[in-house]
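# Chains, contacts and geometry: an overview
Each chain is listed here by its residues.
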Amino acid sequence: MKILVCVSKAPDTTSKIAFTNNNSSFDETGVNFIVNPYDEWYALVRALELKEAQGGNVTVLSVGGLDYEQIIRKALAIGADDAVRIDAPESDALSVSTHIANYAKDKGFDLILCGKETINYNGSVVPGMVAELLDLPLVALAAKLDVAEGVATCEREVTGGMEVLEVNLPAVISAAKGMAEQRIPNMRGIMAARTKALEVVSVENTTATTSVSNYELPPAKSACKFVDPANAAELITLLHQEAKVI
Amino acid sequence: MRTDQYQGHDYYLMDELLTDEHKLIRDAAREWVKKEVSPIIEEAAENCKFPQHLIPGLASIGAFGPYIPEEYGGAGLDQIAYGLIMQELERCDSGLRSTASVQSSLVMYPIWKYGSEEQRMKFLPKLASGEWIGCFGLTEPDHGSNPGGMTTNFKDMGDHYLLNGAKMWISNAPFAQVAVVWAKNEEGRIHGIIVERGMEGFTTPTMHGKWSLRASDTGELIFDNVKVPKENLLPGRSGLGGPLSCLDSARYGIAWGAIGAALDCYDVALRYSQERMQFNKPIGAFQLQQKKLAEMITEITKAQLLTLRLGQLRNEGRATSSMISMAKRNNVDMAKTVASNARQMLGGMGITGEYPIMRHMMNLESVITYEGTHDIHLLITGMDVTGFDAFK
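### A few points about the overall build of chain B
A count of helical and extended segments in chain B gives 10 helices and 10 strands. In terms of C-alpha radius of gyration, chain B reaches 21 Å, essentially the compact-globule figure of 21 Å for 392 residues. With respect to the three principal axes, the spread of C-alpha positions in chain B is 80 × 45 × 40 Å. Partitioning the contacts of chain B with sequence separation of at least 6, the portion at a separation of at least 24 is 75%. Total accessible area computed for chain B in this model is approximately 15,900 Å², and 52% of it derives from carbon and sulfur atoms. Taking the average place of the 39 positive charges on the side chains of chain B and the average place of its 47 negative ones, the gap between the two points comes to 4 Å.

The structure is reproduced here in structure tokens:
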């Protein structure tokens, strides 16, 4: 089975968030980037488990500049067989999806796996766009994935329970929490990653269809106000006039 | 213990001086420690028992001989990668790092540097994989800072050597399969001999009653007319320089490890200072607490720069023993001070097992003593800069 896993980068969750260019760009100074956890922990690891059980090949793909190679090496260290970096800026979701689809269209992948979203922008649209551009079926937010005889069986959470879906391969599937368990790269994997192939594909830039005008941080948390238990009237006044919740 | 919320601190953007592979190795070690060790380390320290089930995991992250060439089972990495792994292990516990640095620097290193090809092929792959654990016998009950005075000795009996004597304060001794033992021959010359568990007359009683490095096993090595095959003598080096070169490697690892312990104490104290409210504001908003935190991160940053430079020099083969002494002495003392101030910031909570600081403080009392005491390292620097030997 040939599996393509799309991996993106995201800031470490402990990063300090700041903006530049009149609040229109994310300030990457001093920010530590990690592999987007939904891509790494669930999509990539489940792809590796399927390959280990059934044979095949797992390719990881990223769209981005040279700074992406650090996270691609981690994906290779965890166990992917080879990697592709589409050398193009991550302009917007449609641009990234177009690059992925253009690369994947004639490669014969049985399965294209993505995380359900990136933890920085939470757009969740790349898997759907890739499926549409390749005219493939999509199962989004799968929390479980099994493959047998060309059919993928997925489970996903619905209100009050689970939904089981079957889809013929090839297909695009986006991975939610639960699909696999995180693997920590071991030293053998890190050493093996040194010599695994990382193909860099030059492409003509696509025009982004959306652009960011500005970012805003959420309002700072205000300090707690303590009200004497004997003073219920003050509490009610504050809830009514300041918090405006009653 | 609480959930391990540790995050690294890199005030001078030192990550920019590391390779992508360095960071991958460090982060993998950190993730493994958080997942496998942090949840159990407090209990291991309370029970005074090294958690042996961690050995395969330590091997998998490359903690055993990462700089040993790949043909002998190592990872062929550089000295900075080795240092980063030691930092991440000691960030959790000095005893954990001790087990790994003894295996790497005091057992695998001498076999690699001074062993025969047959010895390398026999021992190194099994030590790298963790199938065998090793220990290092130099210190004796009556010879600590003066190892050259050792009385453990061996006699040439024709087809074997006969080993007699005792070693003390030996990390990993109670469960090690292999011991690299330093002993004098009949002419009084020091040689390294590989002693294997099961050899008649060789016993390794556990030392009890430690209030430090409780998550690491420490013991004695007793040699009572042990017959050691002649092929177990390390042929490549004799004299005190042999064990001292191993100590250079181990002390270098300790210099990195101590930064790890300091970082953990700082990290815990910083977070606590932002959450703990007194007089209606976080204690981190008070000047006296800020003084402690500012001095901690300043000293940690200085140690990080010193140690990374030392790693670069070791990669180039230009780090001297005296340079290593300076880093070991400075960093362990720094970590002790950071731990002490961090403990004060946590008030009463600082003495409980809910936070790691008191355990670090107790561990560091051993670390400042073993592998050359704080005072001995000062004399090494003193001799290096003046040319006068003030040891005796």
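Next, the rest of the story.
### Here we look at the overall build of chain A
Along its length, chain A carries six helices and 14 strands. Projected onto its principal axes, the C-alpha coordinates of chain A cover approximately 70 × 45 × 40 Å. Counting every position in chain A, which comprises 246 residues, the buried fraction comes to 40%. Considering only contacts in chain A between residues 6 or more positions apart, those separated by 24 or more positions represent 69%. Put simply, chain A shows about 13,200 Å² of open surface, and 51% of that area lies on carbon and sulfur atoms. A gap of 5 Å separates the mean positions of the 21 positive and 32 negative side-chain charges of chain A.

### What about the pairing of strand 3 (residues 160–171) of chain B?
Residue and element names in this part refer to chain B. As defined by bridge partners, strand 2 (residues 153–156) adjoins strand 3 across four bridges and the pair is classed as antiparallel. Note that in strand 3 the partner of Phe154 across the bridge is Leu163. By the bridge criterion, nine bridges tie strand 3 to strand 7 (residues 218–229) in an arrangement that is antiparallel. For His160, the partnering residue across the bridge sits in strand 7 and is Pro229.

### A closer look at the pattern of salt bridges
By the definition in use, this model includes 36 salt bridges over all chains. Measuring nitrogen to oxygen at the nearest pair gives 2.8 Å for the salt bridge that ties Lys225 of chain A to Glu242 of chain A. Placement of the pair is Lys225 of chain A in the loop between strand 14 (198–202) and helix 6 (232–242) and Glu242 of chain A in helix 6, with a sequence separation of 17 residues. On the accessibility criterion, Glu242 of chain A (52% relative accessible area) is exposed. When salt bridges that share partners are traced, they join Glu40 and Lys74 of chain A together with Glu31 of chain B into one network.

### Details of the pairing of strand 8 (residues 111–115) of chain A
Judged by how many residues are buried, strand 8 of chain A sits mostly within the fold: five of five residues are covered. Residues Leu111, Leu113 and Gly115 of chain A line one face of strand 8 of chain A and the alternating positions Ile112 and Cys114 of chain A line the opposite face, and both faces are buried.

### Notes on helix 3 (residues 79–92) of chain B
Look at helix 3 of chain B: 21 Å from first C-alpha to last across 14 residues, which is about the 20 Å you get at 1.5 Å a residue. Between a side-chain oxygen at the N-terminus of helix 3 of chain B and the backbone nitrogen of Ile80 of chain B the separation is 3.3 Å; the capping residue is Asp78 of chain B.

### Side note on the interface of chain A and chain B
Tallying the contact residues gives 15 residues for chain A and 20 residues for chain B. Surface buried jointly by chain A and chain B totals about 1,600 Å² across both partners, of which 58% is contributed by carbon and sulfur atoms. At the surface where chain A touches chain B, the tally comes to three salt bridges. Across the salt bridge formed by Glu21 of chain B and Arg194 of chain A, the nearest N and O atoms sit 2.9 Å from each other. Linking chain A to chain B there are five residue pairs in polar contact (both at pLDDT 80 or more). Grouping the constituent residues of the side of chain A that touches chain B by class yields six nonpolar, five polar and four charged.

Definitions and limits used
- Residues numbered from 1 in each chain as written.
- Chains lettered and ligands numbered in written order.
- Predicted model: local features only at pLDDT ≥ 70, side-chain atom pairs only at ≥ 80, totals over all residues.
- Heavy atoms only, no water.
- Helix = DSSP H or I, 4+ residues; strand = E, 2+ residues; numbered from the N terminus.
- Rg over C-alpha atoms; globule rule 2.2 N^0.38 Å.
- Contact = heavy atoms within 4.5 Å.
- Areas by Shrake-Rupley, 256 points an atom, 1.4 Å probe, with all protein chains shown as cover.
- Lys, Arg positive; Asp, Glu negative; His and termini not counted.
- Charge placed at Lys NZ, Arg CZ, Asp CG, Glu CD.
- Buried < 20%, exposed > 50% of the residue type's maximum accessible area, 1.4 Å probe, protein only.
- Pairing = 2+ DSSP bridges.
- Salt bridge = Lys/Arg side-chain N within 4 Å of Asp/Glu carboxyl O.
- Expected span 1.5 Å × (residues − 1).
- Polar contact = N/O pair within 3.5 Å; in protein donor to acceptor, adjacent residues only side chain to side chain.
- Buried area = accessible area lost by both parts, 1.4 Å probe.
- Nonpolar A, V, L, I, M, F, W, Y, C, P; charged D, E, K, R; others polar.

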